[in-house]
Amino acid sequence: MSSWPIGVFASIDAGLGVAWPVIRELGLPTIQLHAPHADNRTPEAAQKFKSQLDEHGIQCTAVFGGFEGESYADIPTVVKTVGLVPPATRQARLKEMMEISDFARVLGVDCVALHIGFVPHDPADADYEGIVEVTQQLCDHCRSNEQFLHLETGQETADGLLTFIDSVERDNLKINFDPANMILYGSGDPIEALRKVGSHVRSVHCKDGVWSDQPGITFGREVPLGQGDVGMETYLKTLREIGYAGPLTIEREIPEDPARQKAEIGDAIELLTKIRGEVLA
C-alpha cells in the first residue's frame, strides 16, 4: 500500500482548479490538471509545463477534458450539455479529447479523464450504442498513447457504470471516483458505490457534499471536506479495503473566491493527512 500522496485539482487557464502559484505554495507532490485551452495544448506548451512540474518535484497524474458549451447549472442542463453524450457535439468533442490525449502524452501522463455525461440507464436506448462506440474510439486512441481513460463518477449509479464499462469492452477504461458527485447527483450512497466499482477505480477525488431534499431531481450542495455526508474516515478506510494506492486528489471549486478556495484546500490537506495517518496506522 502506498502512502496515498495528497494532490489537488489544478488549472493553467481553463476549468476551476487551483492556479499554478497556489500549487507551488501548497507544496503537494501530485496534481490532476484540467486540460488547458487549445492554443495552450501545443507540444511546446506541454514541454514548458512539464519542466515547471519537474523543477518543483510535482507529478501530474491525470489530464481532464472539458468542453465549450458544457453547463452544470442544474441536472437537466447537464443531461443536455455535458460530455460525449449530446449527439450534436459528439464528434467534435471526440476529436478534442484525442488532442488532449496527445497533449497528455507529451506531458508524460498515462491517464486522460472526463465527465462522459448522462449515459442512458437502459442499454436498449437508441443513443446507448453511439455512446459506447465513441468511448471505444477514445479508448483506442488513448491506448495508442499508452494511456488509460478514466470516467468521472456522478451521473450514473454504480450498476449503470459497471454495465457501461462492460459494454465498452476496453481494458484501459477505468474510473475516477468522486464520492461527493454521487451525493450531488443523487445517484447512490458513495461508500456502497465505491465497494461495487472498486476493481475499476484508478484515481479518486476527495470532495464532500450534502444530499438534496429531492435527490436526482435537484443538485445536492458541495461543502468543505469533512463537513458533508461522505464521511471521510469511512471513505479512506474503504479505499484501503479495495486496495487503492494512488493519490488523494482534493477538488474544491470556488472560482469566485480564490482566497477561500485556498484556505479550504489547506484545511482539507490537514484533515486528509490526519485521517490518512490513522487509517494507514
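Refer to the structure presented above.
Quick summary incoming for the structure in this document. (Residues numbered from 1 in each chain as written. Predicted model: local features only at pLDDT ≥ 70, side-chain atom pairs only at ≥ 80, totals over all residues. Heavy atoms only, no water.)

## Looking at the pattern of salt bridges
Right, on to step 1. Inspection of every chain in the model, using the stated rule, returns 17 salt bridges.
Right, on to step 2. R170 is the partner of D140 in a salt bridge, and the nearest nitrogen-oxygen pair spans 2.7 Å. Highlighted residues: D140 in helix α5 (residues 128-144) and R170 in the loop between α6 (158-168) and β6 (173-177), separated in sequence by 30 residues.
Right, on to step 3. We classify D140 as partly exposed; its relative accessible area is 36%.
Right, on to step 4. Between K274 and E278 there is a salt bridge, and its shortest N-O distance comes to 3.2 Å. Separated by four residues within a single helix, K274 and E278 lie in helix α10 (residues 258-280), roughly one turn from each other.
Right, on to step 5. Judged by its relative accessible area of 43%, E278 is partly exposed.
Right, on to step 6. What emerges from the salt-bridge pattern is a single network uniting R41, K95, E96 and E99. (Salt bridge = Lys/Arg side-chain N within 4 Å of Asp/Glu carboxyl O. Helix = DSSP H or I, 4+ residues; strand = E, 2+ residues; numbered from the N terminus. Buried < 20%, exposed > 50% of the residue type's maximum accessible area, 1.4 Å probe, protein only.)

## Notes on the packing of helix α2 (residues 43-55) against helix α4 (residues 90-107)
Right, on to step 1. In contact at an axis separation of 8 Å, α2 and α4 are set at 40° when each is read in the N-to-C sense. Here α2 is positioned oblique relative to α4, judged by the angle of their axes. The element α2 and its partner α4 pack so that their crossing is right-handed. Within the contact between the two elements, α2 uses P43, A46, Q47, F49 and K50 and α4 uses F103, V106 and L107.
Right, on to step 2. Of the residues contributing to the contact of α2 with α4, the split by class is six nonpolar, one polar and one charged. (Axes fitted to C-alpha atoms, helices over the stretch in contact; angles between N-to-C directions. Parallel < 35°, antiparallel > 145°, perpendicular 65-115°, else oblique. Left-handed = near helix turned anticlockwise from the far one by under 90°. Contact = heavy atoms within 4.5 Å. Nonpolar A, V, L, I, M, F, W, Y, C, P; charged D, E, K, R; others polar.)

## Some details on the packing of helix α9 (residues 232-241) against α10
Right, on to step 1. Two numbers describe how α9 lies on α10: the axes approach to 10 Å, and their chain directions differ by 50°. Here α9 is positioned oblique relative to α10, judged by the angle of their axes. Between α9 and α10 lies a crossing of right-handed hand. Counting all contacts with α9, which are made through M232, E233, L236, K237 and R240, the residues of α10 involved are L271, L272, I275, R276, V279 and L280.

## Comments concerning α9
Right, on to step 1. All of the buried residues along α9 are M232, Y235, L236, T238 and L239. In an axial view of α9, the angular spread of the buried residues amounts to 160°, which keeps them on one side of the axis.
Right, on to step 2. Looking one or two residues beyond α9, the residue adopting positive phi is G243, at roughly 80°. (Arc of directions from axis to C-beta.)

## Notes on unusual backbone geometry
Right, on to step 1. If you check the backbone angles, E146 has positive phi at about 55° while not being a glycine.
Right, on to step 2. Along the chain, E146 falls in the loop between α5 and β5 (148-152).
Right, on to step 3. The class for E146 is exposed, based on a relative accessible area of 63%.
Right, on to step 4. Although it is not a glycine, E169 adopts a positive phi angle of roughly 55°.
Right, on to step 5. Looking at the element boundaries, E169 is found in the loop between α6 and β6.
Right, on to step 6. Judged by relative accessible area, E169 falls into the exposed class, the value being 61%.

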